[in-house]
Amino acid sequence: MIDTFRTMARTLNNPFVEKWKGSGGKVIGFPCTYLPEEIIHAAGMLPFRFRGVGTTSLSVGDTYFGPVICSFPKCILQLAGEGRYEFLDGAVIVPGCDSMRRLDECWRKAGEDYQGSLPGYFHYFGVPHKVTDYSISWFEEETVIFKESLEQYFDLTITDDAVAEAIGLYNGIRRLLCRMDRLRTGDTVLLSGSDALAVLVAGSAMPRGSYRELLEGTLDSLEREARDISEGRKRLMLVGSVNDDVGFMDVIEDSGGLIVADTLCFGFRSYADLVDESDEPLKALTRRYLQHSYCPRMFGYYKDRLQVLRRRIREARVDGVILQNIRFCDLHGSENGIFERDLEAEGVPCMRIEREYGPLVETGRLKMRIDAFMERLG
Amino acid sequence: MKQETKEYQYDWILWTIIENASVTHDGSVKEYESLLTLIPHFREALDEIIRQGEAGICLMKLMARYLKRCLTAHDEGRKVAFTTFCFSTPVLYAFDVVPIVVEAMTVLGTFIFKRGTGEFLDYCSEVGFTETSCSSQRGALGAYLAGLGVRPDFIVCDSPGICDTNANSYAFASAYLDIPFFQLNHPPTLADERARRYHQADFRCLVSFLEEQTKKTLDIDRLREVLEEVRKQDELICELTEFQRLTPSPVPNIFNLFLYSGTFLMSGTSDFTELLELMLERVRENAARGVAGSRSGGERVRGFFSYIDHYTTDLRFWRWLESREIAHLGCILSSFWQEDAIYAAGRTEAAYAVRTDSVDAMIDSLAAQMSRMPMVKSIRGPYDAPHMWLDDTMLFTRLLKADFVAYIGTMGCRNTWGMVKLLARDLERRGIPTLILYADAFDDRIQSWEAVTDRIGEFLHLRGLTSGEPGLVSSG
Ligand code: SF4
Ligand code: SF4
């Protein structure tokens, strides 16, 4: 079953999406964990998290974006320009960071030049950078505006009941993913970091009902087999910029490491917090999404994030931490610098690396750095 | 960092240089000229400033006073806050907090020191900050992180939602120095009811933070005093901008720098009002004589700088423009959006007004002003949305009759590099010649100053915007 997930993680489109589209379903793309995707699900549509997988050139991305921009949004734009996102009926832009929010304009302008590259529904979803009573209210209004825009554009109604049902389903998936987390952080490790990532990435690109079933079955069989893969390997944690690249994890794990924990947005941060099912659905959703395990776009919360790291390091008995950032990702890159200072001071070995998103052209360099880190871990 | 660089405190050395430079003109002209020869890397810049007469002399004295205030704040029992250039200072002055505007400190180091702030830029990277971050903060921040300056008591910034790179620098500094941090953040729109409510609630939160940090309650009379000063300054600034519309523009190019430095460092203080009055005197004189603000009194071509200026060693940017009789009609940093500004006519929703009739009115005025600060106003949303970058650039270009638009930024500027190609394309489609410079305003190591002038010169030549040979315009 893991192979199904791995195949999905290696490609953009997948058979589930094709089947969904074949039966008249709509797909809405979004880039970030700050979008309450339950709304899309409640609208009867498929939420699909953007990725740049399979990019081989940046000819389109570089035409609109300037030179000093993170390659993640550039790769997304590239694929859009090449028509590889043609299965999208809509797209939502979320200001995760400056590079990501400018995907809005760059994609709109590319849409003028590359016919059909811009989905018909295109929406900008604002997210405050801090948590206060008024920022939560603003965010709730923004969520209502988003919901209404979907209703209006696609001529449908998103009921409270449907949102509540979506919340239930998503929470169910999150609980399963927490169960998967325990299969990695315990004394015996039942799946590798790259396999876990494949499972997570697939979950952002397929109907969530089917995903829950598949996930549950996978976890059952992993627990049944109970095959420990940790023997002789160093337990690592991966931190930093967005990563949906299974190949990148493979490079690390092929060097004798085992990624037993992470704080990534395709990883732990996407499932660590539940939505309060006892509260009014929209309110509960907005609270969860604005306050979920913070990423550095929420400025001034460094200490909270350090606490999360410390907790994860303890829980998963991590031997070393890999702090990575995509080039030009100053948010994660700089925070990694302080994490390194503070964790090293506590005796946790850390390695910082800067990398590109996209085709793993840097495998040799990465491997060398990781080998050296493994040596340090002894 | 070289041992010699660590020998002196960064802010102290800036103050001694500016303090000494500010008295060079107190004696006779002959004495001044002799003193100039003794100044190493900042001679031409100083002369350019002093040459502006009373206004230039006043600016130097005000800068010296500002820097001294930063250095002596703690001894005098005041709190010191790190803040960013686009944070409007009146609220800090109302609390008697001394703002250290990090970007302004970087500008000073960039044009005064022979090697600019290179070592401090690199020091930031050594302590973990990405080398791809914006140099405007990194330049001075490196010195402060190395302990070569006053240790701030807390940080206030207003860039989240506007410029993450900027906000990230301050968040980094707060985590690194382990000092309190407060951010005002901004929704992607400017003028709608939701944005207004957000700005006002956020600003009240800032007031509570400042009360907590200073252990003082907001002094209403002091706030009113500061705001009355802001109101006076706003009138003067509006008049100054109107003069820029004249052809030739009687406003000396470097007044643009005076205007925004004064606003960023001293808005709401009587010092700044005095500076503005002196600037206006000079501009009125030039206008009465029908001459341009340049040394020669001539104007060959008019340019609008769609983003920021270039702060290379010895402020060569302004002198170079002057020597080519290129009028500098301002940049994003000199647009403030007072209700009476010429550019705000018919766009009142994009402007702010200063009201002092009640505490709430005052706080709301400050919130509105803060949300219209340079950059905060125009790059918070999509560049092509109403009241945003394209809209403003076209408005300024038309109002000020600019012949061209040039973009200078920093290589760390994700925000503008994410859209400047689109902006340039849109402007060109509307017939406005537009140049994107791949330089870094605070770091000459990215692109040499000579390369910058070559590029501007060649652009003007090719677009038929200057008479004469290309060599004439392009030589540095
Ligand atoms: S990796 Fe960093 S720069 Fe890239 S999109 Fe994510 S937050 Fe932005
Ligand atoms: S120049 Fe760009 S990166 Fe620097 S502070 Fe301004 S918007 Fe931010």
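This write-up is about the structure you can find in this document. (Residues numbered from 1 in each chain as written. Chains lettered and ligands numbered in written order. Predicted model: local features only at pLDDT ≥ 70, side-chain atom pairs only at ≥ 80, totals over all residues. Heavy atoms only, no water.)

**Some details on the overall build of chain A**
When you go through chain A residue by residue, the secondary structure sums to 17 helices and 8 strands. For chain A, the C-alpha radius of gyration of 20 Å lies close to 21 Å, the compact-globule estimate for 378 residues. Principal axes of the C-alpha set define a box for chain A whose edges measure 60 × 45 × 40 Å. Every one of the 378 residues in chain A was classed for burial, and the buried ones make up 66%. Partitioning the contacts of chain A with sequence separation of at least 6, the portion at a separation of at least 24 is 74%. Entry remark: accessible area of chain A is about 13,200 Å², with carbon and sulfur atoms responsible for 49%. Looking at chain A, you have 47 positive and 58 negative side-chain charges, and the mean spots of the two groups are 3 Å apart. (Helix = DSSP H or I, 4+ residues; strand = E, 2+ residues; numbered from the N terminus. Rg over C-alpha atoms; globule rule 2.2 N^0.38 Å. Buried < 20%, exposed > 50% of the residue type's maximum accessible area, 1.4 Å probe, protein only. Contact = heavy atoms within 4.5 Å. Areas by Shrake-Rupley, 256 points an atom, 1.4 Å probe, with all protein chains shown as cover. Lys, Arg positive; Asp, Glu negative; His and termini not counted. Charge placed at Lys NZ, Arg CZ, Asp CG, Glu CD.)

**Quick notes on the overall build of chain B**
Each helix and strand counted, chain B has 21 helices and 8 strands in total. Viewed in the frame of its principal axes, chain B has a C-alpha envelope of about 65 × 55 × 45 Å. Looking at chain B residue by residue over its 476 residues, the buried ones come to 67%. The contacts of chain B with a sequence gap of at least 6 include a subset with a gap of at least 24, amounting to 74%. In chain B, the 50 positive side-chain charges and the 66 negative ones have mean positions that sit 3 Å from each other.

**A closer look at the site of ligand 1**
Taken together, the residues surrounding ligand 1 are Cys70(A), Phe72(A), Cys97(A), Met100(A), Ser241(A), Val242(A), Ile326(A) and Cys329(A). Of the residues belonging to the shell around ligand 1, the class tally is 7 nonpolar, 1 polar and no charged. (Near = heavy atom within 4 Å. Nonpolar A, V, L, I, M, F, W, Y, C, P; charged D, E, K, R; others polar.)

**Things to note about the side chain of Glu119(B)**
Residue and element names in this part refer to chain B. For Glu119, the position within the fold is in helix α8 (residues 118-126). Engagement of the side chain of Glu119 in a polar contact is seen with the side chain of Arg115, the distance being 3.2 Å. Apart from residues no more than four positions distant in its own chain, Glu119 is found in contact with Met1, Lys2 and Thr5. (Polar contact = N/O pair within 3.5 Å; in protein donor to acceptor, adjacent residues only side chain to side chain.)

**Structural notes on the packing of aromatic side chains**
How two aromatic rings sit relative to each other is given by the distance of their centres and the angle of their planes. Counting across every chain of the model gives 50 aromatic pairs over all chains. Ring centres of Tyr85(A) and Phe87(A) lie 5.8 Å apart, and the angle between their planes is 55 degrees; on these two criteria the pair is classed as tilted. For Phe87(A), a relative accessible area of 7% corresponds to the buried category. Taken together, the aromatic side chains of Phe305(B), Tyr311(B), Phe317(B), Trp318(B), Phe404(B), Phe442(B), Trp449(B) and Phe459(B) make up a single cluster linked through ring pairs. (Phe/Tyr/Trp six-rings, centres within 6.5 Å; stacked < 30°, edge-to-face > 60°.)

**Details of the environment of Trp337(B)**
Residue and element names in this part refer to chain B. By secondary structure assignment, the location of Trp337 is in the loop between β6 (326-331) and α16 (359-371). Sequence spacing of Trp337 and Ala353 is 16 residues, and the spatial spacing of their C-alpha atoms is 9.0 Å. The contacts of Trp337, once residues within four sequence positions are left out, are Tyr343, Ala344, Arg347, Ala350, Ala351, Tyr352, Arg372, Lys377, Asp392, Leu395 and Phe396.

**Re the sheet that holds strand β4 (residues 181-183) of chain B**
Residues and elements named next belong to chain B. Spatial strand order, β2-β1-β3-β4: 4 strands in an open sheet with parallel pairing. A single partner strand is all that each edge strand has here, and the edge strands are β2 (98-101) and β4. Adjacent strand axes in the sheet meet at a mean angle of 25 degrees, parallel and antiparallel pairs treated alike. Contacts from helix α11 (residues 193-214) reach β3 (154-157) and β4 within the one sheet, and its direction differs from that of β3 by about 165 degrees. (Pairing = 2+ DSSP bridges. Axes fitted to C-alpha atoms, helices over the stretch in contact; angles between N-to-C directions.)

**Thoughts on a negative patch on the surface**
Residue and element names in this part refer to chain B. Residues Glu54, Glu274, Glu277, Glu281 and Glu285 make up a contiguous surface patch of negative charge. It is helix α14 (residues 270-289) that contributes the most residues to the negative patch, 4 residues altogether. Assignment of secondary structure puts Glu274 in helix α14. For Glu274, a relative accessible area of 38% gives the class partly exposed. (Patch = residues over 30% accessible without salt bridge, like charges linked within 9 Å, V, L, I, M, F, W, Y side chains within 5 Å. Salt bridge = Lys/Arg side-chain N within 4 Å of Asp/Glu carboxyl O.)

**Concerning the nonpolar core**
Core analysis: the largest hydrophobic core is formed by 261 residues, its most contacted members being Tyr85(A), Trp107(A), Val321(A), Phe42(B), Met105(B), Tyr311(B) and Trp389(B). The residues touching Met105(B), leaving out its near neighbours within four places in the chain, are Tyr10(B), Leu14(B), Tyr66(B), Leu67(B), Cys70(B), Ile100(B), Ala140(B) and Tyr144(B). Listed in part, the 35 residues of the second largest apolar core include Ile136(A), Leu150(A), Ala284(A) and Tyr294(A). (Core = buried A, V, L, I, M, F, W, Y, C linked by side-chain atoms within 4.5 Å.)

**Overview of the packing of helix α3 (residues 29-38) of chain B against helix α4 (residues 43-50) of chain B**
Residues and elements named next belong to chain B. Two numbers describe how α3 lies on α4: the axes approach to 9 Å, and their chain directions differ by 150 degrees. Classed by the angle they form, the pair α3 and α4 counts as roughly antiparallel. Crossing hand, α3 versus α4: right-handed. Note on element contacts: α4 touches α3 through Arg43, Leu46, Asp47 and Ile50, opposite Tyr32, Leu36 and Thr37. Considered class by class, the residues forming the contact of α3 with α4 number 4 nonpolar, 1 polar and 2 charged. (Parallel < 35°, antiparallel > 145°, perpendicular 65-115°, else oblique. Left-handed = near helix turned anticlockwise from the far one by under 90°.)

**Focus: the pattern of salt bridges**
Considering all chains together, one arrives at 71 salt bridges over all chains under this definition. Its salt-bridge partner being Arg78(B), residue Asp96(B) comes within 3.0 Å of it at the nearest N-O pair. Here Asp96(B) is found in the loop between α6 (90-94) and β2, whereas its partner Arg78(B) is found in the loop between α5 (54-72) and β1 (80-83), with 18 residues between them in sequence. The class of Arg78(B) is partly exposed, set by a relative accessible area of 24%. Note that Lys377(B) and Asp392(B) form a salt bridge whose closest N and O atoms lie 2.7 Å from each other. Of this pair, Lys377(B) sits in the loop between α16 and α17 (389-399) while Asp392(B) sits in helix α17, and the two are 15 residues apart along the sequence. The pair Lys377(B) / Asp392(B) is uniform in exposure class, with both members buried. Through salt bridges with shared partners, a single ionic network connects Asp104(A), Arg108(A), Lys109(A), Glu112(A), Asp113(A), Asp384(B), Arg425(B), Asp426(B) and Arg429(B).

**As for the site of ligand 2**
Residue and element names in this part refer to chain B. Around ligand 2, a shell composed of Cys134, Ser136, Gln137, Cys163, Thr165, Asn166, Tyr307, Met375, Ile379, Thr410, Gly412 and Cys413 is seen. Listed by contribution, the elements that provide at least two residues to the shell around ligand 2 are α9 (135-145) and α10 (164-177). Of the residues belonging to the shell around ligand 2, the class tally is 6 nonpolar, 6 polar and no charged.

**Focus: unusual backbone geometry**
Excluding glycine, residues mostly carry a negative phi; peptide bonds, for their part, are mostly trans. All names here are of chain B. Cis rather than trans, the peptide bond between Thr247 and Pro248 has omega equal to -5 degrees. Looking at the element boundaries, Pro248 is found in the loop between α12 (220-243) and α13 (255-266). Positive phi, normally seen in glycine, also occurs at Leu315, with a value near 50 degrees. Structurally, Leu315 can be placed in the loop between β5 (301-305) and α15 (316-323).

**Considerations on the side chain of Lys130(A)**
Topologically, Lys130(A) is positioned in the loop between β4 (121-124) and α8 (133-154). Within the structure, the side chain of Lys130(A) is placed 2.5 Å from the backbone oxygen of Gln183(B), a separation counted as a polar contact. Not counting chain neighbours up to four residues away, the residues in contact with Lys130(A) comprise Ser135(A), Leu290(A), Met298(A), Tyr301(A), Phe182(B), Gln183(B), Leu184(B), Asn185(B), Tyr198(B) and Asp202(B).

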